[in-house]
Amino acid sequence: MKKYKITHKITADFIAEIIVNEDEIDSNINDLKEYKKPNSKFEYTMLKGSESVTQTNYEEYDEKSDNSSKERISNKWYSTSTSYHY
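All of these numbers come straight from a predicted model, not from anything done at the bench.

Draft legend 1. Here's a closer look at the confidence of the model for the chain. Averaged over all residues, the pLDDT of the chain is 83; the fraction at 70 or higher stands at 74%. Element-level mean pLDDT values for the chain span from 47 in strand S5 (residues 82-85) up to 98 in strand S2 (residues 14-17). Of the regions scoring below 50 in pLDDT, residues 71-76 engages in five contacts with residues more than four places distant in sequence or in other chains. Ignoring residues within four places in sequence, the model shows residues 78-86, a span with pLDDT below 50, making 23 contacts including any to other chains.

Draft legend 2. Representation of a nonpolar patch on the surface within the structure. Nonpolar side chains collect at one region of the surface, where Phe14, Tyr44 and Met46 lie side by side and expose about 320 Å² of accessible area between them. Position of methionine 46 relative to the elements: it lies in strand S3 (residues 43-46). Assessed through its relative accessible area of 36%, methionine 46 is described here as partly exposed.

Conventions used here
Residues numbered from 1 in each chain as written. Predicted model: local features only at pLDDT ≥ 70, side-chain atom pairs only at ≥ 80, totals over all residues. Heavy atoms only, no water. pLDDT = per-residue confidence, 0-100. Helix = DSSP H or I, 4+ residues; strand = E, 2+ residues; numbered from the N terminus. Contact = heavy atoms within 4.5 Å. Patch = residues over 30% accessible without salt bridge, like charges linked within 9 Å, V, L, I, M, F, W, Y side chains within 5 Å. Areas by Shrake-Rupley, 256 points an atom, 1.4 Å probe, with all protein chains shown as cover. Salt bridge = Lys/Arg side-chain N within 4 Å of Asp/Glu carboxyl O. Buried < 20%, exposed > 50% of the residue type's maximum accessible area, 1.4 Å probe, protein only.

Have a look at this one:
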């Protein structure tokens with residue numbers, strides 16, 4: 001029986017939160033210093049219901065990870081089958 005790999009490209013809204021010590025920011029002048037933009041130190045929570053599918057692809061899936069006859073695809077949004085754009 002054939003298997004298919006289904007891939008969804010999505011967008012969503014997230015909340016990024018972190019707890020810091022008072023000496024890591026300057027609350028007198030509202031300077032968040034290194035925390036002005038979220039990074040890997042933050043905890044992320046996706047807002048339920050904010051997700052939106054922007055593109056869906058599916059392709060035949062081969063469980064053999066060492067299949068040299070199959071074209072390897074990297075850094076591309078590609079499908080040999082069907083694409084849907086929303």
